[in-house]
Amino acid sequence: ISNVTTIDLDKITDRANDGIEIELSDGQASALVIDDTNGDTFLTINADANTITLGQATTLSSTLQVDGGTATIQGVEGGTASLFLNADESDDAGDNWRVQATDHATRTLAFAGENDAGNGYVDVLTLTGANTEATSSATVKGKLIVNGEIQSATDLVFQVDNNNDGDNKFSFQA
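The structure contained in this document is the topic of the report that follows. What you see is a predicted model, and the numbers here were worked out from it, not measured in a lab. (Residues numbered from 1 in each chain as written. Predicted model: local features only at pLDDT ≥ 70, side-chain atom pairs only at ≥ 80, totals over all residues. Heavy atoms only, no water.)

1. Some points on the pairing of strand β8 (residues 121-128)
Taken together, the seven bridges between strand β7 (residues 108-114) and β8 define a ladder with antiparallel strand orientation. Residue pairing for β8: Glu-114 is matched across the bridge by Tyr-121. The pairing of β8 with strand β9 (residues 137-140) spans four bridges and is antiparallel. Residue Leu-125 lies in a different strand from β9, and its bridge partner there is Val-140. (Pairing = 2+ DSSP bridges. Helix = DSSP H or I, 4+ residues; strand = E, 2+ residues; numbered from the N terminus.)

Below, the structure written as structure tokens:
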């Protein structure tokens, strides 16, 4: 629609007219819903809730900024929620990172870098939540480099188990 000063809302609110619907609340436009050619909701702009919902995989060609609110990435039932950070136009293998949260069964948040071959992601840091702080964990794969102090409010325990058989080769507890 271009060069239009008024729109007859009765003609475009039934969603049968090119997949556009303007929802009304007390005579005022409260939402704009745009469907794709298959009739699936593509974009919803909800004025009442101050939200914009993208219904399908969509690429934004600019910066997404959230001021004074919360950004949520929600996975499907039983699925993961992922955030991909793509550097350098994502044109080389290794340019990409993934932050991925799992459901309640595993309760992990994993940070993974794309490998140089470009055929997958390698988890480098995994945080695992549990019902208590004592049973939660952080797993680092590769080298952990600490430039500063390591402090603990409780006992500090170091264990090495190179073959994951529970037979610690080195254990230190202060």
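2. A few points about the side chain of Asn-96
Here Asn-96 lies in strand β6 (residues 96-101). According to the relative accessible area criterion, Asn-96 is buried, its value standing at 6%. Within polar-contact distance, the side chain of Asn-96 engages the side chain of Ser-90 at 2.8 Å. At 2.8 Å, the side chain of Asn-96 forms a polar contact with the side chain of Glu-114. In contact with Asn-96, not counting residues within four places along its chain, are Leu-85, Asn-86, Ala-87, Ser-90, Ala-112, Gly-113, Glu-114 and Tyr-121. (Buried < 20%, exposed > 50% of the residue type's maximum accessible area, 1.4 Å probe, protein only. Polar contact = N/O pair within 3.5 Å; in protein donor to acceptor, adjacent residues only side chain to side chain. Contact = heavy atoms within 4.5 Å.)

3. What about a negative patch on the surface?
Residues Asp-88, Glu-89, Asp-91 and Asp-92 make up a contiguous surface patch of negative charge. On the secondary structure map, Asp-92 appears in the loop between β5 (81-86) and β6. Here Asp-92 falls in the partly exposed class, since its relative accessible area comes to 40%. (Patch = residues over 30% accessible without salt bridge, like charges linked within 9 Å, V, L, I, M, F, W, Y side chains within 5 Å. Areas by Shrake-Rupley, 256 points an atom, 1.4 Å probe, with all protein chains shown as cover. Salt bridge = Lys/Arg side-chain N within 4 Å of Asp/Glu carboxyl O. Lys, Arg positive; Asp, Glu negative; His and termini not counted. Charge placed at Lys NZ, Arg CZ, Asp CG, Glu CD.)

4. Description of the sheet that holds β6
Spatial strand order, β5-β6-β7-β8-β9: five strands in an open sheet with antiparallel pairing. With one partner strand each, in any of the chains shown, β5 and β9 form the two edges of the open sheet. Across the sheet, the mean angle separating the axes of adjacent strands is 20° when strand polarity is ignored. In terms of strand pairing, β6 meets β7 through five bridges, oriented antiparallel. Across the sheet, Val-99 pairs through a bridge with Phe-111, a residue of β7. (Axes fitted to C-alpha atoms, helices over the stretch in contact; angles between N-to-C directions.)

5. What to know about the pattern of salt bridges
Tallying each qualifying case throughout the model produces one salt bridge. Close ionic contact of Arg-98 with Asp-123 constitutes a salt bridge, the shortest N to O distance being 3.2 Å. Of this pair, Arg-98 sits in strand β6 while Asp-123 sits in strand β8, placing them 25 residues apart in sequence.

6. Brief notes about the layout of surface pockets
In this model, the second largest pocket occupies a volume close to 520 Å³. What lines the second largest pocket is a set of 17 residues, among which Ala-138, Leu-144, Ile-150, Leu-156 and Val-157 lie closest to the centre. Every element with two or more residues in the lining of the second largest pocket is listed here: β9 and β10 (157-160). (1 Å grid on protein atoms, 1.4 Å probe; cavity = no way out; pocket = protein on both sides within 12 Å on 5 of 7 lines; lining within 4 Å. Points joined across faces, edges and corners; volume = space filled by probe spheres on them.)

7. Remarks on the pairing of β6
Pairing analysis gives six bridges linking β5 to β6, with the strands arranged antiparallel. Counted as the bridge partner of Phe-84 is Arg-98 from β6. Connecting β6 to the antiparallel partner β7 that follows it, the hairpin turn spans six residues, and Arg-107 within it adopts a positive phi of roughly 50°.

8. Side note on a nonpolar patch on the surface
Taken together, the side chains of Ile-73, Leu-83, Leu-85, Trp-97, Val-122 and Val-124 make up a nonpolar region of the molecular surface, amounting to roughly 500 Å² of accessible area. For the nonpolar patch, the secondary structure elements donating two or more residues are β5 and β8. With respect to the helices and strands, Leu-85 occurs in strand β5. A relative accessible area of 46% means that Leu-85 is categorised as partly exposed.

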